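Each chain is listed here by its residues.
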Amino acid sequence: MPITLDKKLPAVDILRSENIFIMDDHRAYHQDIRPMNVLILNLMPTKVATETQLLRLLANTPLQLNVEFLYMTSHESKNTAAEHMEVFYKTFDDIKNNHYDGLIITGAPVEKLAFEEVDYWQELSQVFEWSRRHVYSTLHLCWGAQAGLYYRYGIEKVGLCEKLSGIYEQRVENAKSPLMTGFDDSFLAPHSRYTDIPIENVLEKSNLQVLARGEEVGLSILASRDMREVYSFGHLEYDRDTLAKEYERDALAGLNPSLPVNYYDDDNVLKQPRMRWNLAAATFFSNWINYAVYQETPYRLEELETDISYYGYL
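In this report, we go over the structure that sits alongside the text. As the structure is a prediction and not an experimental result, all values here were calculated from the model. (Residues numbered from 1 in each chain as written. Predicted model: local features only at pLDDT ≥ 70, side-chain atom pairs only at ≥ 80, totals over all residues. Heavy atoms only, no water.)

As for helix α10 (residues 278-294)
Within an α-helix, residues lying three or four positions from one another point in the same direction, as the helix has 3.6 residues per turn. Heads up, the condition is: Runs of H or I in DSSP of at least four residues are treated as helices and runs of E of at least two as strands, each being numbered from the N terminus. Here the expected span of a helix is defined as 1.5 Å times the quantity of residues minus one. The cut-offs for exposure are 20% and 50% of the maximum accessible area for each residue type, with area from a 1.4 Å probe on protein chains only; residues under the lower value are buried, those over the upper are exposed, and the others partly exposed.
The end-to-end C-alpha separation of α10 is 22 Å, in line with the 24 Å expected for 17 residues at 1.5 Å each. Across the 17 residues that make up α10, a large majority, 12, are buried. Taken as a whole, α10 has its buried residues at A280, A281, A282, T283, F284, F285, S286, N287, W288, I289, A292 and V293.

Examining the side chain of H140
Using the following cut-off: Polar contact is the term for a pair of N or O atoms within 3.5 Å; when the atoms are in protein, one must be able to donate a hydrogen and the other to accept it, and sequence-neighboring residues count only if both atoms are side-chain atoms.
Note that H140 resides in strand β7 (residues 135-141). You can call H140 buried: its relative accessible area is 0%. Among the polar contacts listed, one links the side chain of H140 to the side chain of R152, at a separation of 2.7 Å.

Regarding unusual backbone geometry
Here the phi dihedral of N256 falls at roughly 50°; this positive angle occurs in a residue that is not glycine. Structurally, N256 is set in the loop between α9 (242-252) and α10. On the basis of relative accessible area, N256 is assigned to the exposed category, the value being 70%. Its identity as a non-glycine residue notwithstanding, D267 has a phi of 55°, on the positive side. When you line up the elements, D267 lands in the loop between α9 and α10.

Quick notes on the packing of aromatic side chains
Aromatic ring pairs: the centre-centre distance and the angle between the two ring planes describe each pair. Rule in force here: Note on aromatic contacts: the rings of Phe and Tyr and the six-membered ring of Trp form a pair at centre separations within 6.5 Å, being stacked when their planes are under 30 degrees apart, edge-to-face when over 60 apart, and tilted otherwise. Ring-over charges, as used throughout, are those where CZ of Arg or NZ of Lys falls within 6 Å of the ring centre and within 35 degrees of the ring normal.
Scanning all chains against the criterion turns up 14 aromatic pairs. Plain terms: the ring middles of F69 and Y89 are 5.3 Å apart, the flat faces sit at 35° to each other, and that makes the pair tilted. With F69 in strand β4 (residues 65-70) and Y89 in strand β5 (residues 89-90), this pair connects stretches of sequence that are 20 residues apart. One exposure class covers both F69 and Y89, and it is buried. Seen in terms of ring centroids, F115 and W143 are 5.9 Å apart; in terms of plane orientation they differ by 40°. Their pairing is tilted. Taken together, the positions of F115 in the loop between β6 (100-105) and α6 (121-134) and W143 in helix α7 (residues 143-153) put the pair 28 residues apart, joining distant regions of the chain. Accessibility classification places F115 together with W143 in one group, the buried group. Through pairs of rings, three or more aromatic residues link up here, namely F115, Y120, W121, F128, W143, Y150 and Y151. Above the ring of Y194, the side-chain terminus of K112 is found at 4.2 Å from the ring centroid.

A short note on the nonpolar core
Just so we agree on the cut-off: Throughout, nonpolar core names a set of buried Ala, Val, Leu, Ile, Met, Phe, Trp, Tyr and Cys residues whose side chains join them through atoms within 4.5 Å. Any two residues whose heavy atoms approach within 4.5 Å are treated as being in contact.
One finds I104, L179, F284, F285 and W288 to be the most contacted residues of the largest nonpolar core, which totals 50 residues. At 8 residues, the largest contribution of residues to this core is made by α10. Sequence-distant contacts of I104, that is, excluding residues within four places in its chain, are made with L39, I40, L41, L54, L58, L139, L141, F285 and W288. Core analysis: the next-biggest nonpolar cluster, separate from the first, contains 24 residues, I95, Y120, L124 and W143 among them.

Structural notes on the packing of α6 against α7
Short version of the rule: To obtain each axis, a line is fitted to C-alpha atoms, and for helices this fit is confined to the stretch in contact; angles are then taken between N-to-C directions over 0 to 180 degrees. If an angle is under 35 degrees, it is roughly parallel; if it is over 145, roughly antiparallel; if it lies from 65 to 115, roughly perpendicular; otherwise it is oblique. Residue polarity follows a fixed list, in which Ala, Val, Leu, Ile, Met, Phe, Trp, Tyr, Cys and Pro are nonpolar, Asp, Glu, Lys and Arg are charged, and the others, Gly among them, are polar.
It is the contact of α6 with α7, at a shortest axis distance of 11 Å, that shows an interaxial angle of 75°. Considering the angle they form, α6 stands roughly perpendicular to α7. On α7, the residues touching W121, L124, S125, F128, E129, S131 and R132 of α6 are W143, G144, A147, G148, Y150, Y151 and R152. Its residues placed into classes, the contact of α6 with α7 shows 7 nonpolar, 4 polar and 3 charged.

Details of the pairing of β7
Note the cut-off: Pairing between two strands requires that DSSP report at least two bridges joining them.
Of all the 7 residues making up β7, 7 are buried; the element is thus mostly covered by neighbouring parts of the structure. Pairing of β6 with β7 involves 5 bridges; the strand directions are parallel. Each residue of the ladder has a partner; that of G102, found in β7, is S137. Relative to strand β12 (residues 229-232), β7 runs parallel, the two sharing 4 bridges. Following the sheet pairing, T138 is matched in β12 by E229.

Here's the deal with the pattern of salt bridges
Selection criterion: Salt bridge, as applied in this entry: a Lys or Arg side-chain nitrogen positioned within 4 Å of an Asp or Glu carboxyl oxygen.
Taken as a whole, this structure holds 12 salt bridges when the rule is applied. Its salt-bridge partner being R193, residue D196 comes within 3.3 Å of it at the nearest N-O pair. For R193, a relative accessible area of 1% translates into the label buried. In this structure, a network of salt bridges that share partners links the residues R171, E173, R213 and E215.

Encoded structure:
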């Protein structure tokens, strides 16, 4: 089933060229069904690339999704045209009275800053609080996961000796979780970050379940038992060449980055990186939409505010 989007969004043409079913808003208006409403808070600097990555995975699910994008007005995007933001993105004031089946909060390249030093932290905190009664399930990615854990549980991130960048193996720790349905015992995923979340802090300060972790990456995926909170510290949504672009960016900035681990064959940057995480990515996002959102969310989203069983997080 398709995702419903504004037909002028740049990602639409890219996804259609890949034979991914995208329905424009005019056609969707005449469909007499209830689509899933998903909001994406895109904090990544490369907005269009991240839009395309996430939409490609969401479109792989067998449900019709109505997707909207949100940005933080307290931060000025330097890598995306203002016209793009004005046309395709909404502000918090635009959506604060709406209700959504799912919310995705992306990562952001601000890990070296304390959370309170991020220029949009207050606005992001407002979104976290609003989501308790306006969103059924929230999927936090990379820095978005660290920020969510800090806001809700006071769990601090810790700095790493060097940037964790590459393709790493993770083990499934809780195969009974619906979010891990269809996964093998282990899987590969991209990671790209300077900070980490110690597992002992998560176990001490929350009731979250550890679904996957790895020897090199530590925690990989966490979730509350009701799956209203999902945290993924990797970047399963990344394209084949995303880590390569990040490496080139850091090199040009004079950061002297190490090569992403397990990424280039023979560590040869002239060779095209192999795509080895696409199946895990498709499975994870499909599971989130199916099990955490579609099968659990109320038909009338307004119930999120009126039914005490939907309030807050464990």
